[in-house]
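A look at the structure
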Amino acid sequence: MLSEVILALLEISLLVLFAALMGSVAIRFKFPKVVGDLLIGIILSPFLIGGFINKIIDVNLFSINNYLLLFSEFSVILLIYSIGLESGVSALRSSGISGIMGAIFGATIPFIFGAILIRFFVSFSAALIIGSALGATSLAVASSLIKETNLKGNGVNFILTAGSFDDVVSLIILSVAIAMSTLKTISYADILRTIFFYGIAWFIIFATSVFIIPKIFNNIIKEKYVFEGSLVIIFALTAIMTTLGFSPIIAAYIAGVAMAESNKAAKLRENTNALLALFGSIFFVTMGAQVNLIKLSYFGLIFSLFITAIAIIFKILGIYPFSYLATRSHKSSLAISIGMIPRGEIGLAVANIGLTYSIINDVEFSSIVIMSLLTTILGALIFGKIYHYIK
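Residues numbered from 1 in each chain as written. Predicted model: local features only at pLDDT ≥ 70, side-chain atom pairs only at ≥ 80, totals over all residues. Heavy atoms only, no water.

The name that an unreviewed UniProt entry assigns to the protein chain is Kef-type K+ transport system, membrane component, with the source organism given as Caldisphaera lagunensis.

Here it is, written out as structure tokens:
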């Protein structure tokens, strides 16, 4: 009998190998690599070919286990951290208020209009949760696309600023949605209190990190311990922020931005890129592997397409005006808006929370997962064709 750990490591190794092969095929046909990662996850999931292989060899090789989820979490944190490390504070400063406003309206407009339209088909509580999933942008997918295309400039800075702040806005929306779904009454004071808490907490942690972390690397941590020290800081900051209710990817981005201001940033980028070459695809493969296409009903399929359309249309409407303020280019603004279409891990996280609280059912959960996948694939495909417009 194979040990669970060995079996999980074998599964992860196979997924990484096949993701690399599928990624090469995707790039050859001028598709972003992330599309190949997602597709190989779906194909080798325990619900499709992976499950068929399991039956043939009589071993549960391909499964969604805790070890795979652990590596997936590490993968997305590493990816977001690397993007923050490459941008630094200057990128956030260059986008300024337009990036922040883009995050606010890019999250709230899909949430509001999505919840209103979805309410015709599901309960009020479910509409709020699904609307929350429609609002968030996947910083992991957007960052991956930027990294693949090696983009620079104000447009990229806008995506990173809006994408990082978008999670804060989405967290506030989700917190309010859960409160409204689980409580019979909720006051405007409760909503304002939630907004104030998360907004102030994010600002204090960000400002403190940018001030203190570079000093630690410049004056305390020696060159030969710089990467090990960076991991401690990343996960310490992640632990603090997740305790407060933030997503781990927000902490990873803040840590990257802060460390980019140190004099050891170049060494950190070198080490991080080496790790990403091996682990960078695991998150996207795992996300694809969680999609159960077999159990999706006819209503679930139609509903998935419906909320996907809402997610795309209202995200573009929310982002476009503010991306235009940042770039003064219609083509660049459209490309930026499309680059922020993917819901990715944020949509999956919201779906999981909704199911945990028993606010949504299995069909609604599957529909959010499909929406997250479709927006990620469509956003990546279209962005891969028009990214050169960004400036």
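Before going further, it helps to examine the overall build of the protein chain. The helix and strand tally for the protein chain stands at 16 helices and zero strands. Computed over its C-alpha atoms, the radius of gyration of the protein chain comes to 20 Å, within 12% of the 21 Å expected for a compact globule of 391 residues. In terms of overall dimensions, the protein chain has C-alpha extents of about 55 × 55 × 40 Å along its principal axes. Taken across its 391 residues, the protein chain has 55% of its residues classed as buried. In the protein chain, the proportion of contacts linking residues at least 24 apart, taken out of those at least 6 apart, comes to 82%. Total accessible area on the protein chain is roughly 17200 Å²; 70% of this is exposed by carbon and sulfur atoms. Averaging the coordinates of the 23 positive side-chain charges in the protein chain and doing the same for the 17 negative ones gives two points 10 Å apart. (Helix = DSSP H or I, 4+ residues; strand = E, 2+ residues; numbered from the N terminus. Rg over C-alpha atoms; globule rule 2.2 N^0.38 Å. Buried < 20%, exposed > 50% of the residue type's maximum accessible area, 1.4 Å probe, protein only. Contact = heavy atoms within 4.5 Å. Areas by Shrake-Rupley, 256 points an atom, 1.4 Å probe, with all protein chains shown as cover. Lys, Arg positive; Asp, Glu negative; His and termini not counted. Charge placed at Lys NZ, Arg CZ, Asp CG, Glu CD.)

Here the phi dihedral of Asp58 falls at roughly 55°; this positive angle occurs in a residue that is not glycine. On the accessibility criterion, Asp58 (69% relative accessible area) is exposed. The residue Arg328 is not glycine, and still its phi comes out positive at about 60°. Note on placement: Arg328 falls in the loop between α13 (298–327) and α14 (330–339). Taking relative accessible area as the criterion, Arg328 reaches 57% and is therefore assigned exposed.

Of all hydrophobic cores here, the largest spans 107 residues; its most connected members are Ile118 and Met259. With residues near it in sequence (within four places) discarded, Ile118 still touches Ala127, Ile130, Leu134, Phe303, Phe306, Ile307 and Ile310. If you look at the next biggest cluster of nonpolar residues, it comprises 13 residues, including Leu7, Ile12, Ala19 and Phe62. (Core = buried A, V, L, I, M, F, W, Y, C linked by side-chain atoms within 4.5 Å.)

Our next topic: the packing of aromatic side chains. Scanning all chains against the criterion turns up 10 aromatic pairs. Aromatic pair Phe105 and Phe322: ring centres 5.1 Å apart, planes at 25°, arrangement stacked. Of the two residues, Phe105 sits in helix α4 (residues 66–118) while Phe322 sits in helix α13, which places them 217 residues apart along the sequence. Judged by relative accessible area, Phe105 falls into the partly exposed class, the value being 32%. Taken together, the ring pairs in this structure connect Phe71, Phe74, Phe235 and Phe279 into an aromatic cluster. Taking NZ or CZ as reference, Lys215 lies 4.9 Å from the ring centre of Phe211, over its face. (Phe/Tyr/Trp six-rings, centres within 6.5 Å; stacked < 30°, edge-to-face > 60°. Lys NZ or Arg CZ within 6 Å of the ring centre and 35° of its normal.)

Let us look at a nonpolar patch on the surface. Together, Leu117, Phe120, Phe121, Phe299 and Val363 line one region of the surface with nonpolar side chains, adding up to about 500 Å² of accessible area. Note on placement: Phe121 falls in the loop between α4 and α5 (124–135). (Patch = residues over 30% accessible without salt bridge, like charges linked within 9 Å, V, L, I, M, F, W, Y side chains within 5 Å. Salt bridge = Lys/Arg side-chain N within 4 Å of Asp/Glu carboxyl O.)

Take the side chain of Thr238 next. Tracing the chain through its elements places Thr238 in helix α9 (residues 226–243). Here Thr238 falls in the buried class, since its relative accessible area comes to 8%. Side-chain polar atoms of Thr238 contact the backbone oxygen of Ile234, separated by 2.7 Å. Residues in contact with Thr238, not counting those within four places in the same chain, are Ile77, Pro248 and Ala251. (Polar contact = N/O pair within 3.5 Å; in protein donor to acceptor, adjacent residues only side chain to side chain.)

Counting through the fold element by element, Glu223 comes out in the loop between α8 (188–219) and α9. For Glu223, a relative accessible area of 44% corresponds to the partly exposed category. Residues Glu223 and Leu268, spaced 45 residues apart in sequence, show a C-alpha to C-alpha distance of 9.8 Å. In contact with Glu223, not counting residues within four places along its chain, are Lys264 and Lys267.

One way to put it is that helix α1 (residues 4–28) packs onto helix α2 (residues 33–43) with a least axis distance of 7 Å and a crossing angle of 135°. In terms of orientation, α1 and α2 fall into the oblique class. As for how α1 packs across α2, the hand of that crossing is right-handed. Residues Phe18, Ala19, Met22, Gly23, Ala26 and Ile27 of α1 form the contact with α2, whose participating residues are Lys33, Gly36, Asp37, Ile40 and Ile43. Across the contact of α1 with α2, the residue classes break down as seven nonpolar, two polar and two charged. (Axes fitted to C-alpha atoms, helices over the stretch in contact; angles between N-to-C directions. Parallel < 35°, antiparallel > 145°, perpendicular 65-115°, else oblique. Left-handed = near helix turned anticlockwise from the far one by under 90°. Nonpolar A, V, L, I, M, F, W, Y, C, P; charged D, E, K, R; others polar.)

Below, the discussion takes up the environment of Leu160. With respect to the secondary-structure elements, Leu160 resides in helix α7 (residues 154–182). Leu160 sits in the buried class, given a relative accessible area of 4%. On a C-alpha basis, the gap between Leu160 and Ile83 in space is 8.3 Å, while along the polypeptide they are 77 residues apart.

A few words now on helix α16 (residues 362–386). An α-helix turns once per 3.6 residues; consequently, residues spaced three or four apart project the same way. With 25 residues, α16 should reach 36 Å at 1.5 Å per residue; the first-to-last C-alpha distance of 36 Å fits that figure. Between a side-chain oxygen at the N-terminus of α16 and the backbone nitrogen of Val363 the separation is 3.1 Å; the capping residue is Asn361. (Expected span 1.5 Å × (residues − 1).)

This part covers the packing of α9 against helix α11 (residues 265–279). Packed helices, taken two at a time, are described by the angle their axes make and the gap between the axes. Where α9 meets α11, the axes come as close as 10 Å, and the angle between the chain directions of the two elements is 75°. Accordingly, the angle class assigned to the pair α9 and α11 is roughly perpendicular. Side by side, α9 and α11 meet where Val226, Phe227 and Ser230 of the first sit next to Lys267, Leu268, Asn271, Thr272 and Leu275 of the second. Partitioning the contact of α9 with α11 into residue classes produces four nonpolar, three polar and one charged.

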